[in-house]
Amino acid sequence: MSSDTRIPAAAANDPARAEACRASLQAGHATHPAGARKLTGKTTPDADVTNHTIDEHRITLVPFGQNPLVWTAQQILDHYQERLPDLRSCQVLVAEDRCAPQLRTELLRQAGQRGFGALLGPSIERLDQWLDRVRVVRQTILNRPAQELVLAEALRDSSPIYAQTDPWLLAEQLLTLFDELTRYDVPIDAEFDRFESALRNCYALGESHTLLQQEAGILHTLWHAWQEQLAADELLDPASAYRQQLRDSNIPDGSTLWLTGLTQLTPAEANWLRGLLEHDRARVVLHGSAGQRGYHPDAPLTDILDRLEVKVCKPASTAPDALADFVATLFEASDDNLKVRAQRFAGLHQQDSVGDRLSIVRADDPEQEGQAVALQIRRWLLAGLQPIALVTEDRRIARRVRALLEASAVQLDDPGGWALSTTSAAATLERWLETVEEEFAAGPLLDVLKSPFVSFSERNAHLGQVRRLEQDIILHENIARGLQRYRHHLEVRSERLPDWSEPTRQALHRMLNLLEHAASPLVVLLSGTHAAQDFLAALRTSLVELGAWQAFADDAAGLQLLEALEDLHQAGGHSRVQLDWPEFRDWLGRHLERTNFQPPTSASPVKLLTLEQTRLQHFAAVIIAGCSRDHLPGAPASQAFFNQRVRAELGLPTWSESAAAKLHHFCRVLHAAPRVLLTCHREQDGEPVSASPWLDLLDIFYLSAYGTTLEDGTLKALAGRPEVRPAPPDQAALPDQAQRPAPRVKASSQPQRWSAYTHQRLIDCPYRFFAADALNLKTQDEIREALSKSDYGSLVHRIVQAFSTKLPGLPGPWAGALTRADVAPASALLRRISAAVFEQAINDNFQARGWYRQWLRVLPDYLDWEIRRRTEWQPLSTELKVDKALSKHLRISGRIDRLDQRAGSTALLDYKTGHPPRPDEVLCGEAVQLPSYALLIDKPVAQLEYLEFARDKVNPTTCAAGEALDELLRQVAQRLTRLTDALHDEAPLPAWGDPRICAYCEFSGLCRREMWSHHELSND
Ligand code: SF4
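Residues numbered from 1 in each chain as written. Predicted model: local features only at pLDDT ≥ 70, side-chain atom pairs only at ≥ 80, totals over all residues. Heavy atoms only, no water.

Any two side chains of opposite charge can pair, so long as their charged atoms come close to each other. Applying the stated criterion to the full structure yields 66 salt bridges. Between Arg 88 and Asp 86 there is a salt bridge, with the nearest N and O atoms lying 2.9 Å from each other. The salt bridge involving Arg 400 is made with Glu 367; its shortest N-O contact spans 2.6 Å. Separated by 33 residues along the polypeptide, Arg 400 in helix 16 (residues 395-407) and Glu 367 in helix 15 (residues 366-382) bring together distant segments of the chain. Classification of Glu 367 by relative accessible area gives partly exposed; the value is 33%. (Salt bridge = Lys/Arg side-chain N within 4 Å of Asp/Glu carboxyl O. Helix = DSSP H or I, 4+ residues; strand = E, 2+ residues; numbered from the N terminus. Buried < 20%, exposed > 50% of the residue type's maximum accessible area, 1.4 Å probe, protein only.)

A few words on the sheet that holds strand 7 (residues 282-287). With respect to topology, five strands assemble into an open sheet ordered 1-7-6-2-3, the strand pairing being parallel. The strands lining the two open edges of the sheet, one partner per strand, are strand 1 (59-62) and strand 3 (123-125). Geometrically, the sheet is characterised by an average inter-axis angle of 15 degrees between neighbouring strands, direction not taken into account. Relative to strand 7, strand 6 (residues 256-260) is paired through four bridges, and the arrangement is parallel. Within the sheet, the bridge partner assigned to Thr 260 lies in strand 7 and is Val 285. (Pairing = 2+ DSSP bridges. Axes fitted to C-alpha atoms, helices over the stretch in contact; angles between N-to-C directions.)

With that out of the way, let us pick up a nonpolar patch on the surface. Together, Leu 775, Leu 777 and Leu 1006 make up a nonpolar patch on the protein surface, roughly 240 Å² of accessible area in all. You can see Leu 777 is positioned in the loop between helix 31 (766-774) and helix 32 (787-804). (Patch = residues over 30% accessible without salt bridge, like charges linked within 9 Å, V, L, I, M, F, W, Y side chains within 5 Å. Areas by Shrake-Rupley, 256 points an atom, 1.4 Å probe, with all protein chains shown as cover.)

Moving on, we get to the site of the ligand. Taken together, 13 residues are adjacent to the ligand, and Cys 765, Gly 993, Cys 998, Cys 1001 and Cys 1007 come closest. Contributing elements (two or more residues each) for the shell around the ligand: helix 31, helix 38 (995-998), helix 39 (1004-1007) and helix 40 (1009-1019). Along the lines of polarity and charge, the residues of the shell around the ligand split into nine nonpolar, two polar and two charged. (Near = heavy atom within 4 Å. Nonpolar A, V, L, I, M, F, W, Y, C, P; charged D, E, K, R; others polar.)

For the rest of this paragraph, the subject is unusual backbone geometry. Omega for the bond connecting Gln 386 with Pro 387 falls within 30 degrees of zero, at 5 degrees, which places this linkage in the cis form. Considering the arrangement of structural elements, one finds Pro 387 in the loop between helix 15 and strand 9 (388-392). Residue Pro 633 is bonded to the preceding Leu 632 through a cis peptide linkage, with omega at 15 degrees. Assignment of secondary structure puts Pro 633 in the loop between strand 15 (621-625) and helix 26 (644-650). Even without a glycine there, the phi angle at Ala 409 is positive, about 65 degrees. Note that Ala 409 resides in the loop between helix 16 and strand 10 (418-419). Among the residues examined, Ala 409 registers a relative accessible area of 66% and is labelled exposed. Of note, Glu 879 is a non-glycine position whose phi angle comes to about 45 degrees, a positive value. Mapped onto the secondary structure, Glu 879 falls in strand 19 (residues 874-887).

On their own, these measurements won't tell you what the molecule is for.
Next up, the structure:
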């Protein structure tokens, strides 16, 4: 190669200073042999001369509009023509291994044209995969979590120099920087003064500065501590291991490497590849053109050629391609403004073929964009187009489109996967750790118990128990956390509600015991510091106890989660660093966030890819979705060390290079299919969203060329119409007109034991009885009143009970007679009881403080009523459990709030914190709670009463007494007998549709009242 084919140095602002800067940083560092070589692409002056030359024919530039795999296949077959069909010595190294099937297909197609129906080989893989195969590193290579532990150990020893910084955050940023410094041959000088001086040069600072010294001090100390720690433990970081593999890799005699689709080379890779090219041991096929630098689609390939010290200007083909001309003219580095360039382009391409290939949808919001994307994919599939690429960097749009497509029975192949932390397996793990940390807080605990990975018994039985725990204990009793509290309230509830079955009580206790046992290995680690492996061993034991470990192993994401935990366990073996619980949680969380879950490969014709992942692939159609400024080009990541200027001076990748690389990929993808749709949305959550400047440029350029826009108004309009939304195929005939239901229930499926609620439901509406008691959907039976009210009621019941009867753990009861003279001590006792009852409630529930105040307002009136009451009636029993067989088919049980006695007669009293039924409702047999109870006690009842605890007073009501009560009870008993006999004979259970009952009935959806009542009304 003659000297005039060399590319001049890619000028940094001041190449001389840059070179001085790099040279100074590298001086004295002996472990980076490649560092001794000048890096042409960044800083080497023109005068640098190599001993070998690279034949420019060994590098092929395939224009964006053409398929590089076709060129690669052709060159391989030409090269191995004599040995065909044996390509076993051919090794192809591709930028993206997803293209391997397409390359094999192309090789076979072209081999077929040459008379070969089959081929042996070649091997197709990525460079790193090939290096791992051919050059095994003997030293242990630390993965990222292991690096964090080792560096954290080093940081602990250097804590004075970073006093204000979180060491784990610092470790994360340092490891990223150290990795880059190693990959890009920028080691740090052993002498601090030289390093600091070099850094000063890079920042173009005349004299030293405190902040510079601080940055230099942290970097210098920690870099060398890091290197020493690795050397002492004979460990390697991945970047150093990769460099070692490159340096030691050997290619068998007579074989050639084919590198296809590269878009980036590090200095070490460039040195390695340059050596191969110089000795005719490699061929390179690049996709795109080169020549321009800076913010230009050519820049990445220009940089590769710079690094290889090769000038290849001409593309491999100059076949006419209007779209390629369109993109090239749009980004042309010329003095002509955009309008002039557009009109020049239109002059050369008077027939518009760009509009047939590109279109744009600017949606109003992300939902509309998702709908448009999903709709276009379905239209293309219906037209027989595949494969289709959905290219996006916006995971929100991707998730929405995935959901919409799945609703249309179209699966999305997502070979890139997504963060393991977002899978349901990782979410279960996270919620379990939160459960342990937060004293079994109800939210995370219920999530764990409902997760598909945890079942303490047969699944339906388990979910039934969880539902009881949630509805009856956590919600009804309002218990927010604490195993002991759950247990206590479980007992209280079992005491209070006789129809709460003993098996349920035992099952819930067993569940709580299992949870406690499973958490115990982790609970002991919540305090103090421990080795990472101790945490992981405990986590494993805990998950095994929970049953989740085995369940994870049966799930694709769960299996990868177990592998990630195993990786962490191994990582923990490389460090003795002691972590506290929050440090362990952060370390674990970071790893799960970084680890990608790769779903099993799917044969779906629709692939979800990032811009970069589309390299070397060709599609029938492409959608580039989420074209916002935030994603295309995006924004520079915040970096704790080195600004962009210093990075450029050092030869580290800069933001402008990343943006140019993205632009390169964006322009390439525009050519990757005959049809490309670009989409964006104008606003999100009420905030405007800027479209990508690249999308705007395409549209403006096209508008300037042809006087019309690329926007596809038809698709946008279609996407807004409800009838195009995905709907599952429904072949079923239309249902008959709804009728008022009246099911029959087998006697064996009817409840064997009733509560007063059961009786009431049957009287209210037989269908309601059917739903709640025969179908057993009544889990919320006892909590159907408003939660707060109900809880308030429970507390008030407990207080008034404790005033009359001894309750464990509470003051009282009042002993002896109660008269006006006793108001003060009786009031004091009631207040002490109230304080004790509410204290626990207030701990559990902030709302209870308000109830307490409300109760204290009612208390004097209640005491006044109680004193008056005791002038006539004396308490006989409170919270009395009753259970009686009323006929051969009927047994009723319940709990009576209070029985009072007076000269041989008894009064039955029920406390209500809500509105009690009116006396006429009781007397006419509609409200049957108190009559049901009266039928259960074996002594004559003289009156039925309610005591309502209203906002600031009590309201006593006598509902029935004397003969009227006797008659009522006789008739209720007769009706019960008739009803149970009819039920036994499987009589129909019609939905009555009484608006008063239906207004609060929870089964209106089940009986479909809206349907039949509407129909009946229309017929009327
Ligand atoms: S909504 Fe009305 S008709 Fe339907 S089950 Fe409930 S009470 Fe009966």
